[in-house]
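A structural walkthrough
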Amino acid sequence: MNAWLQRMNPRERVIVVTGMVLAALVAVYLLIAEPLLQKLDDERARLDSQKALLEWMHTSAAEVRQLRGSGRQVDKSDQAPYLLLDAAVRKSGLPAPVRLEPRGRDGAAAQFENVPFDRLVRMLGSIERRGELSIEDVSITRRETAVNATLTLRRVP
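Just so it is clear, the structure is predicted and the values come from calculations on it, not from any experiment.

Side note on the overall build of the chain
Broken down by element type, the chain carries four helices and four strands. Counting helices and strands in the order they occur from the N terminus, the chain gives α-α-α-β-β-α-β-β. Here the chain has a C-alpha radius of gyration of 36 Å; the compact-globule value for 157 residues is 15 Å, and the former is much larger. Taken along the three principal axes of its C-alpha coordinates, the chain extends 110 × 45 × 20 Å. Put simply, of all contacts in the chain between residues at least 6 apart along the chain, 51% involve residues at least 24 apart. A total of about 11800 Å² of accessible surface is found on the chain, and carbon and sulfur atoms cover 57% of it.

Focus on the nonpolar core
One finds Leu 85, Leu 94, Phe 112, Leu 120, Met 123, Ile 127 and Leu 151 to be the most contacted residues of the largest nonpolar core, which totals 18 residues. Of all elements in the fold, only helix 3 (81–92), strand 2 (107–115), helix 4 (117–130) and strand 4 (147–155) reach the threshold of two or more residues within this core. Here Leu 151 is in contact with Ala 108, Ala 109, Ala 110, Phe 112, Leu 120, Met 123, Leu 124, Asp 137 and Val 138, once residues within four sequence places are set aside.

Some remarks on the pattern of salt bridges
Taken as a whole and judged by the stated rule, the model has eight salt bridges. Glu 101 is the salt-bridge partner of Arg 99, the closest N and O atoms lying 3.2 Å from each other. Residues joined by salt bridges that share partners form a network here, namely Lys 39, Glu 43 and Arg 46.

What about unusual backbone geometry?
Positive phi values are uncommon outside glycine, yet Asn 114 reaches one of about 50 degrees. Take Asn 114: it is sitting in strand 2.

Here we look at the packing of helix 3 against helix 4
The interhelical angle for the contact between helix 3 and helix 4, taken along N-to-C directions, is 130 degrees, at an axis separation of 10 Å. Classified by the interaxial angle, the pair formed by helix 3 and helix 4 is oblique. Relative to helix 4, the crossing made by helix 3 is right-handed. Contacts between helix 3 and helix 4 pair Leu 84, Leu 85, Ala 88, Val 89 and Ser 92 from the former with Arg 119, Met 123, Ile 127 and Arg 130 from the latter. Counted by class, the contact of helix 3 with helix 4 contains six nonpolar, one polar and two charged residues.

Considering helix 3
Between its terminal C-alpha atoms helix 3 stretches 16 Å, which fits the 16 Å expected from 12 residues at 1.5 Å a residue. Buried within helix 3 are the following residues: Pro 81, Leu 84, Leu 85, Ala 88 and Val 89. The buried residues of helix 3 all sit within an arc of 140 degrees when viewed along its axis, so they share a single face. The exposed set on the far side of helix 3, more than 90 degrees from its buried face, consists of Arg 90 and Lys 91.

Examining the pairing of strand 3 (residues 133–142)
Sheet topology places strand 3 next to strand 4; nine bridges connect them, and they run antiparallel. Along strand 4, the bridge assignment pairs Val 138 with Leu 151. Counted along the chain from strand 3 to the antiparallel partner strand 4, the turn is four residues long.

Calculation notes
- Residues numbered from 1 in each chain as written.
- Predicted model: local features only at pLDDT ≥ 70, side-chain atom pairs only at ≥ 80, totals over all residues.
- Heavy atoms only, no water.
- Helix = DSSP H or I, 4+ residues; strand = E, 2+ residues; numbered from the N terminus.
- Rg over C-alpha atoms; globule rule 2.2 N^0.38 Å.
- Contact = heavy atoms within 4.5 Å.
- Areas by Shrake-Rupley, 256 points an atom, 1.4 Å probe, with all protein chains shown as cover.
- Core = buried A, V, L, I, M, F, W, Y, C linked by side-chain atoms within 4.5 Å.
- Buried < 20%, exposed > 50% of the residue type's maximum accessible area, 1.4 Å probe, protein only.
- Salt bridge = Lys/Arg side-chain N within 4 Å of Asp/Glu carboxyl O.
- Axes fitted to C-alpha atoms, helices over the stretch in contact; angles between N-to-C directions.
- Parallel < 35°, antiparallel > 145°, perpendicular 65-115°, else oblique.
- Left-handed = near helix turned anticlockwise from the far one by under 90°.
- Nonpolar A, V, L, I, M, F, W, Y, C, P; charged D, E, K, R; others polar.
- Expected span 1.5 Å × (residues − 1).
- Arc of directions from axis to C-beta.
- Pairing = 2+ DSSP bridges.

As structure tokens, then:
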């Protein structure tokens, strides 16, 4: 290569050497600097995303603390637990239980057959949220298109 450059006139040599230096600089930029800069931009974007997520978490945590602290007082009903359960079943639109009976003074038991699982779970959630009854025992058996369930609930003291 040295002999090849020596055969050129000085002006051509300057142009070729300058071209080689520029090509080397472009190669270094494209192979080293550009990927590093791209990685830096990606990491900055990821950091911004994580900062936004952290800010959302702090805001949500404050909201959760506020909601937990509000702890609304539930007016306790004097109705028997099996009547409260019956009212919740009717309100949820579930079919009437095959069996609904009191369990002592503070409990109730129900047996359902072929009820939609999602509506049953929503009803149980609403019972828990109201705070009058707590779920003591649940047994659910899957059927082809629905479920069979046996529930035992107790009045919350």
